[in-house]
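The lines below spell out each chain.
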Amino acid sequence: MRISNKKSGTCLKIFFLCLFLLFTVSCAVSEKQAVKKQADARSGISAYTQYHRNDCSPERIILNLTETPSKSQAVTWRTCAKAKDPKAQIASVADSPALKENLRTINTVSEKVRVGKEKFVYHYSAVFKNLKPNTIYAYRVGTGDNWSEWNQFKTAGKNHKPFKFVYLGDPQENVKSMCSRIFRAAYKKAPDANFWLFVGDLVDNGDKDEEWTELFYAFGWIPRMTPMMLLPGNHEYPDKRHVQGKAFKLFQLWRPHFTLPENGPRGLEETVYFIDYQGVRFVMLNGNEKLEEQAKWLDRILAENPHPWTIAGIHQPVYSTAKYRNDSKLQNLLVPIFDKHSVDLVLQGHDHTYSRTYKMKGGVRAGKNEKGTVYVISVSGPKFYQVKTHYKGLMAKMETGRQLFQVIHIDHDCLLYESFDVKGELYDSFTLKNN
Ligand SMILES: [Fe+2]
Ligand SMILES: [Fe+2]
């Protein structure tokens, strides 16, 4: 086809005009992107974060020990929007990253939880069963198009076997700012700890989701790899001075966050339970409510204990070392049971001090060759109380003002307890023999 000169001149003009417009628009877009990139760079937002800006991936992923830790493992997590068909996957760990060997996909239990006036989140839990003892597994949680990373855990051994665990007192306040480093120091000191044990007051206001956000920030990925054993303190309940009767109950954010054993007294599920771990019976108590029922249950559970070691956890101390505190009710109720069954160690929090008794029996120091119980109080967070001297004669060590973590090793008939400060330096230690 032949085009006239006049027509071809007009076409050329339109062509150059379009080219100019295209150039101007692309310059404007590039400039806008460059300005945004610079702004993001200034605020520290990486390309990865930009990609995940509106992401609703699994978060607050946490492993909990079950009542059969050599053959099962519980995991809990949450998302900001309801996940379609949430699942958990587990596979044997081999040299290849394929993770196809014995890959299993299991269903989860979901729960919608209110965290604000119009704000809801979704918690999920799954229990991996039929696992082999003393074996490393890989797992992930999520949905078809939105999975967590693969994490790993190791099941407990079937029989008595040396192991270590980390024990931590109340984090409670300034958790992101001041507890992150104590958790990291604990992980650095004992990265191979089989689990961590917390004795309550994880946060200051257990009904405030933003405080739980801080807790999981401070944890980082540790609970994705190291199972946690936890019990509630008084800050996971409303203040008893103001709330009584039916209104006094565990805050609703506790149970959705964890998948803990339900083998304790009725009505205290996931707050009172026992776990047998490689020759030790761990008994976790709830010092906030139904104490008489717990005492009866404790007596029975300890009478049936086939293991050589017994360690109990409770938030409120039996021999308090904080000024203005003394809980004689707990002492009268629990000490005779601890004595009767020769509980080796009682791990406590609440007082925001550090103290460790001598080996005790019947409220006094036990004889050299007598069986007895050591009561410890520790604190991991930055809140401290003054110590009182009331029980000074019973204490091998008593002080305040230090954030601490403890590593406890059990090797057949020997228990080694070590307490460390944030620098990772040894602060206190003792050994117990079980003959
Ligand atoms: Fe407390
Ligand atoms: Fe506390």
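Note that the structure is predicted; figures quoted are calculated from it, not measured.

Participant: Sorry, what's going on with the coordination of the iron ion (ligand 2) here?
Facilitator: Ideal coordination angles are 109.5 degrees for a metal with four donors arranged tetrahedrally and 90 or 180 degrees for a metal with six donors arranged octahedrally. At the metal site, the iron ion (ligand 2) is ligated by Asp170 (OD), Gln172 (OE1), Asp201 (OD) and His352 (NE2), and these contacts range over 2.1 to 2.2 Å. Around the iron ion (ligand 2), the 4 donor atoms sit at angles spanning 88 to 178°, and that spread fits a shape best called irregular.

Participant: Just to check I follow, could you spell out the state of the cysteines for this structure?
Facilitator: Chemically, a disulfide is nothing more than a covalent bond linking the sulfur atoms of two cysteines. Enumeration according to the criterion identifies 1 disulfide in this entry. Here Cys56 engages in a disulfide with Cys80; their sulfurs sit 1.9 Å apart. Within this pair, whereas Cys56 is found in the loop between α2 (47-51) and β1 (59-64), its partner Cys80 is found in the loop between β2 (73-79) and β3 (87-92), the two being separated by 24 residues in sequence.

Participant: Just to check I follow, could you spell out the sheet that holds strand β13 (residues 273-277) for this structure?
Facilitator: Here 7 strands make up an open sheet; going across it, the order is β13-β14-β15-β16-β20-β17-β21 and the pairing mixed. Two strands lie at the open edges of the sheet, namely β13 and β21 (395-399), each paired on one side alone. Each adjacent strand pair in this sheet contributes to an overall mean axis angle of 15°, direction not counted. Two strands pair when backbone bridges link them, and strand β14 (residues 280-284) and strand β15 (residues 309-313) are joined in this way by 5 bridges, in the parallel orientation. By the bridge assignment for β15, Val280 is matched with Trp309. Where helix α7 (residues 291-303) meets the sheet, its contacts fall on β13, β14 and β15, and the angle it forms with β14 comes to roughly 175°.

Participant: How do you make sense of the layout of surface pockets when you look at a structure like this?
Facilitator: Gaps left between atoms are located by rolling a probe of water-molecule size over the structure's atoms. Taken as a whole, the largest pocket spans an internal volume of roughly 710 Å³. Around the largest pocket, the lining comprises 29 residues; the ones closest to its centre are Asn234, Lys240, Asn288, Gln316 and His350. Counting only elements with at least two residues in the lining of the largest pocket, the list comes to α7 and α8 (328-340). When its residues are assigned to classes, the lining of the largest pocket shows 7 nonpolar, 10 polar and 12 charged.

Cut-offs applied
Residues numbered from 1 in each chain as written. Chains lettered and ligands numbered in written order. Predicted model: local features only at pLDDT ≥ 70, side-chain atom pairs only at ≥ 80, totals over all residues. Heavy atoms only, no water. Donors = N, O, S within 2.8 Å, 3.2 Å for Na, K, Ca; no water. Tetrahedral: all angles 85-135°; square planar, octahedral: opposite > 155°, others 65-115°. Disulfide = S-S within 2.5 Å. Helix = DSSP H or I, 4+ residues; strand = E, 2+ residues; numbered from the N terminus. Pairing = 2+ DSSP bridges. Axes fitted to C-alpha atoms, helices over the stretch in contact; angles between N-to-C directions. Contact = heavy atoms within 4.5 Å. 1 Å grid on protein atoms, 1.4 Å probe; cavity = no way out; pocket = protein on both sides within 12 Å on 5 of 7 lines; lining within 4 Å. Points joined across faces, edges and corners; volume = space filled by probe spheres on them. Nonpolar A, V, L, I, M, F, W, Y, C, P; charged D, E, K, R; others polar.

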